Amino acid sequence: MEEIERKFLVESTDFIKESTVNNRIVQGYLNSNPERTVRVRIKGNNGYLTIKGKGNESGTSRFEWEKEITLFEAEALLQLCESGIIDKIRYEIPLGKHTFEVDVFSGENQGLIIAEVELSSEDEFFEQPKWLGKEVTGDKKYYNSYLSEHPFCTWR
């Protein structure tokens, strides 16, 4: 199971009016080692356990395995996570044949907005909305696991 995605900074909140769905996401890391991150996530009323492998050279592709777990299990596992819980609202914006997922971070990552788009191949064309900013695909400081250890508020 390979995940292929590109990440971008977002320059304005214009995407909100184009959003069809939004959910609060709270997530933590049982293991934040870049070789194999193990993440626990609560999205809405659902829990998930996700394992991600190391990305390729460009940071566009990597192994991903995800399993839905109960909300109770996710809440219990969050208690075992490393420090630095990520809290964000995810907005889904359909555009052409793709859906952009835009994360508006809160807490110690307040002020950071990142958009991701999943692709079927690394060179697949996708329409880019006007609010999309600089591409940060492969820049590890924009990975959620990095943000959990080095929050955006400490970058300035």
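Above this text you will find the structure in question.
What comes next concerns the included structure. (Residues numbered from 1 in each chain as written. Predicted model: local features only at pLDDT ≥ 70, side-chain atom pairs only at ≥ 80, totals over all residues. Heavy atoms only, no water.)

Turning our eyes to something else, we now look at empty space enclosed by the protein. Any empty space left between atoms is shown by rolling a water-sized probe over those atoms. Under the criterion given, the structure shown has 1 cavity of 30 Å³ or more. When its volume is computed, the largest cavity comes out at roughly 90 Å³. Taken together, Glu3, Glu5, Lys7, Gly55, Gly59, Thr60, Ser61, Arg62, Thr137, Gly138 and Tyr143 make up the lining of the largest cavity. Looking at the lining of the largest cavity, the elements that each hand over two or more residues are β1 (2-10) and β5 (61-69). A total of 3 residues in the lining of the largest cavity trace back to one element, the largest contributor, which is β1. Here the residues of the lining of the largest cavity are counted per class, giving 1 nonpolar, 6 polar and 4 charged. (1 Å grid on protein atoms, 1.4 Å probe; cavity = no way out; pocket = protein on both sides within 12 Å on 5 of 7 lines; lining within 4 Å. Points joined across faces, edges and corners; volume = space filled by probe spheres on them. Helix = DSSP H or I, 4+ residues; strand = E, 2+ residues; numbered from the N terminus. Nonpolar A, V, L, I, M, F, W, Y, C, P; charged D, E, K, R; others polar.)

Turning our eyes to something else, we now look at the pairing of strand β3 (residues 36-43). In terms of burial, β3 is largely enclosed, as 7 of its 8 residues are buried. Where β3 meets strand β4 (residues 46-53), 8 bridges bridge the pair, whose relative direction is antiparallel. Bridging across to β4, Lys43 finds its partner in Asn46. Taking the residues that link successive antiparallel strands as the turn, the β3-β4 hairpin has 2 residues, and the phi of Gly44 there is positive, at about 65 degrees. (Buried < 20%, exposed > 50% of the residue type's maximum accessible area, 1.4 Å probe, protein only. Pairing = 2+ DSSP bridges.)

Right, let's get into the layout of surface pockets. Space inside the largest pocket adds up to approximately 360 Å³. Around the largest pocket, the lining is made up of 21 residues, and of these Arg39, Arg41, Lys52, Glu64 and Arg90 lie nearest the centre. When residues of the lining of the largest pocket are traced back to their parent elements, those giving at least two are β1, β3, β4, β5, β6 (86-95), β8 (113-118) and α2 (144-149). Looking at the lining of the largest pocket, the element that brings in the most residues is β3, giving 4 residues.

This part is about the packing of aromatic side chains. For the coordinates displayed, the defined rule picks out 7 aromatic pairs. Between the aromatic rings of Phe100 and Trp131, the centroid separation amounts to 5.9 Å while the plane-to-plane angle is 80 degrees, which identifies the pairing as edge-to-face. With Phe100 in strand β7 (residues 98-105) and Trp131 in the loop between β8 and β9 (132-135), this pair connects stretches of sequence that are 31 residues apart. When sorted by exposure, Phe100 lands in the same class as Trp131, which is buried. (Phe/Tyr/Trp six-rings, centres within 6.5 Å; stacked < 30°, edge-to-face > 60°.)

Secondary-structure assignment places Ile51 in strand β4. Using a relative accessible area of 31% as the deciding quantity, one classes Ile51 as partly exposed. In this structure, the C-alpha to C-alpha distance between Ile51 and Tyr29, residues 22 residues apart in sequence, is 9.9 Å. Those residues within four positions of Ile51 in sequence are excluded, and the remaining contacts are Thr37, Val38, Phe63, Glu64 and Trp65. (Contact = heavy atoms within 4.5 Å.)

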